[in-house]
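Here are the chains, one letter per residue:
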Amino acid sequence: MLTAAEAERLIFTLVEPVRAVESVLLADCLGRVLAEPVRSELDFPHWDNSAMDGYAVRAADVQQVPVRLAVVAEIPAGTRPEVVIGEGQAARILTGAMMPEGADAVVMQEETSRQESEVTVLAEVAQGSFVRSRGSFYRAGAALLEAGRAIAPAEVALLAAAQQTQVKVFRRPRVAIVSTGSELVEPGQPLGPGQIVDSNQYALAALVAQAGAVPVPLGIVTDAREKVKRAIALALSQADMVLSSGGVSVGDYDYVDAVLEDLGATLHIRSVAVKPGKPLTVATVGEEGSRQLYFGLPGNPASAMVGFWRFVAPAIQRLSGRAGSPSVAFVWAKAMTELTAGGKRETYLWGELRATEAGYEFVRSAGSHSSGNLVNLANTSGLGVVPLGETRIAAGESVRVLVCR
């Protein structure tokens, strides 16, 4: 068995990012990945402007205070100043307004006293004080945003300010999802003896969408080798990546690995030293340069979701074209409850990750942490990690937590 870290590194080498590019409207670009660098023809700021409500002055006039200056203009935001500030003069100026010619500093309103057409400056200011100089944030023509960056709200704002109404992004990866198991039924159908509802199809679709890809749910396939083969072949024909749940252990009806070999796949991983989720199939189909990645996750709900959070989510990051090495977000937190494990595998215990003024806290979900227990997975925001070879993390000690949301 590979360790979790070894498996993560191997998976990174197997993922081939989607390189198809499309243009989307600015209003639709949130969460997408930039396919090319963004440059602007504008300087930021576009012109020298005031960072405060106050008075535009010549710094040389306010080195000995208090001093009275004649107010010769009022400059609101969005207008071009029509005056030149001379010796002994000032202009009333509002935040964001263009600096008038001749002025090289702003005195904030709180440091002045106004008397009709004059203002008394009560504090010295240096040249450039409270002035946002043209191009001090960004010079036109330089790279404003690099390719491979995922677009968050701050990037949306910057793209809008840069007049980017159309944005070039990578196509969202399509991820097919197949549930295997003769015992599975769709939600809403009556349960017969020994049957269970297929929750994995919906959980994995939600996780895929949350990761920024397009889920392609293909439903349930029963435990018959030829049916599994047809279902996987169909999935491979419709997507950039395939996720299946179930059928990857050593049972008599676990056909996924054998079927993948029938289809010419190369199996790279068959199990990992983690709990839950030891059975994990990672395979590639096709030649380098055009290959698809296949994840066979366990059928137990907790195992499938832990496997996704730990291994599939970072693979989707890379598949989506994000720059840099894909990684899972880990933080250190204070364990608020005791965490125990068998020690033979790296163990993930689900629970709530809380941010406090003193740092992060992790509270293990109450009840059984069986891989088949879907009930106490609700409200999971972190997975507390008991490392390989360790059996206990006491309450109050530090624990490494995988961030799930």
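This text goes with the structure placed above it.
Residues numbered from 1 in each chain as written. Predicted model: local features only at pLDDT ≥ 70, side-chain atom pairs only at ≥ 80, totals over all residues. Heavy atoms only, no water.

K.L.:
Before we move on, can you summarise the overall build of the protein chain with the specific residues and values?
P.N.:
In terms of helices and strands, the protein chain carries 6 helices and 28 strands. Computed over C-alpha atoms, the radius of gyration of the protein chain comes to 30 Å, more than 25% over the 22 Å expected from 2.2 N^0.38 for 405 residues, which places it beyond the range of a compact globule. Based on the C-alpha atoms only, the size of the protein chain along its principal axes is roughly 95 × 50 × 40 Å. Every one of the 405 residues in the protein chain was classed for burial, and the buried ones make up 46%. Residue pairs in contact within the protein chain that sit at least 24 positions apart in sequence constitute 70% of those at least 6 positions apart. (Helix = DSSP H or I, 4+ residues; strand = E, 2+ residues; numbered from the N terminus. Rg over C-alpha atoms; globule rule 2.2 N^0.38 Å. Buried < 20%, exposed > 50% of the residue type's maximum accessible area, 1.4 Å probe, protein only. Contact = heavy atoms within 4.5 Å.)

K.L.:
Explain helix α1 (residues 4–14) to me, and be specific about the residues and the numbers.
P.N.:
Within α1, the full set of buried residues consists of Ala4, Ala7, Ile11 and Leu14. The arc enclosing the buried residues of α1, seen along the axis, measures out at 80°, which places them on a common side. Here the buried face of α1 lies against β18 (266–271), β19 (274–275), β20 (279–285), β21 (292–297), α6 (301–319) and β24 (346–356). (Arc of directions from axis to C-beta.)

K.L.:
A description of the packing of aromatic side chains should follow, citing residues and the corresponding values.
P.N.:
Counting across every chain of the model gives 1 aromatic pair. Plain terms: the ring middles of Phe44 and Tyr138 are 5.8 Å apart, the flat faces sit at 65° to each other, and that makes the pair edge-to-face. Of this pair, Phe44 sits in the loop between β2 (38–39) and β3 (49–50) while Tyr138 sits in the loop between β10 (131–132) and β11 (143–145), placing them 94 residues apart in sequence. With a relative accessible area of 8%, Tyr138 lands in the buried category. The side chain of Arg318 reaches across the aromatic face of Phe12, ending 4.4 Å from its centre. Its end group placed over the ring of Phe330, Arg400 keeps NZ or CZ at 3.6 Å from the ring centre. (Phe/Tyr/Trp six-rings, centres within 6.5 Å; stacked < 30°, edge-to-face > 60°. Lys NZ or Arg CZ within 6 Å of the ring centre and 35° of its normal.)

K.L.:
Just give me the short version of the packing of helix α3 (residues 200–210) against α6, but keep the residues and values in it.
P.N.:
As a packed pair, α3 and α6 sit with axes 11 Å apart at the nearest point and diverge in direction by 25°. With respect to α6, the axis of α3 lies roughly parallel. Both α3 and α6 take part in a crossing whose hand is right-handed. Counting all contacts with α3, which are made through Asn200, Ala203, Leu204, Leu207 and Val208, the residues of α6 involved are Pro301, Ala304, Met305, Phe308, Trp309 and Ile316. For the contact of α3 with α6, the class distribution of residues is 10 nonpolar, 1 polar and no charged. (Axes fitted to C-alpha atoms, helices over the stretch in contact; angles between N-to-C directions. Parallel < 35°, antiparallel > 145°, perpendicular 65-115°, else oblique. Left-handed = near helix turned anticlockwise from the far one by under 90°. Nonpolar A, V, L, I, M, F, W, Y, C, P; charged D, E, K, R; others polar.)

K.L.:
A description of the sheet that holds strand β4 (residues 54–57) should follow, citing residues and the corresponding values.
P.N.:
Sheet architecture is open: 6 strands sit in the order β7-β4-β6-β5-β9-β8, paired in mixed fashion. The outermost strands of the open sheet, each flanked by one partner alone, are β7 (105–108) and β8 (112–115). Between one strand and the next, the sheet's axes are offset by a mean angle of 35°, whatever the strand orientation. Bridge count between strand β5 (residues 67–75) and strand β6 (residues 89–93): 5 bridges; the pairing is parallel. (Pairing = 2+ DSSP bridges.)

K.L.:
Account for the sheet that holds strand β17 (residues 241–245), with residues named and values stated.
P.N.:
Read from one edge to the other, the open sheet built from 6 strands follows the order β16-β13-β17-β21-β20-β18, with strand pairing classed as mixed. Either end of the sheet is taken by a strand with one partner, and the two such strands are β16 (214–221) and β18. Within this sheet the neighbouring strands show an average axis-to-axis angle of 15°, counted without direction. Examined bridge by bridge, β18 and β20 share 4 bridges and lie antiparallel to one another.

K.L.:
Quick one: what's the story with the side chain of Asp240, residue by residue and with numbers?
P.N.:
Tracing the chain through its elements places Asp240 in the loop between α4 (225–238) and β17. With a relative accessible area of 18%, Asp240 lands in the buried category. For Asp240, the side chain forms a polar contact with the side chain of Arg171, separated by 3.0 Å. At 2.7 Å, the side chain of Asp240 and the backbone nitrogen of Arg174 are in polar contact. (Polar contact = N/O pair within 3.5 Å; in protein donor to acceptor, adjacent residues only side chain to side chain.)

K.L.:
Describe the packing of α1 against α6, with residues and values.
P.N.:
Relative orientation of the contacting elements α1 and α6 amounts to 25°, with a least axis distance of 10 Å. As summarised for this structure, α1 and α6 are arranged roughly parallel, according to the angle between their axes. The interaxial crossing formed by α1 with α6 has right-handed handedness. Note on element contacts: α6 touches α1 through Arg310, Phe311, Pro314, Ala315 and Arg318, opposite Ala4, Ala5, Ala7, Glu8, Ile11 and Phe12. Partitioning the contact of α1 with α6 into residue classes produces 8 nonpolar, no polar and 3 charged.

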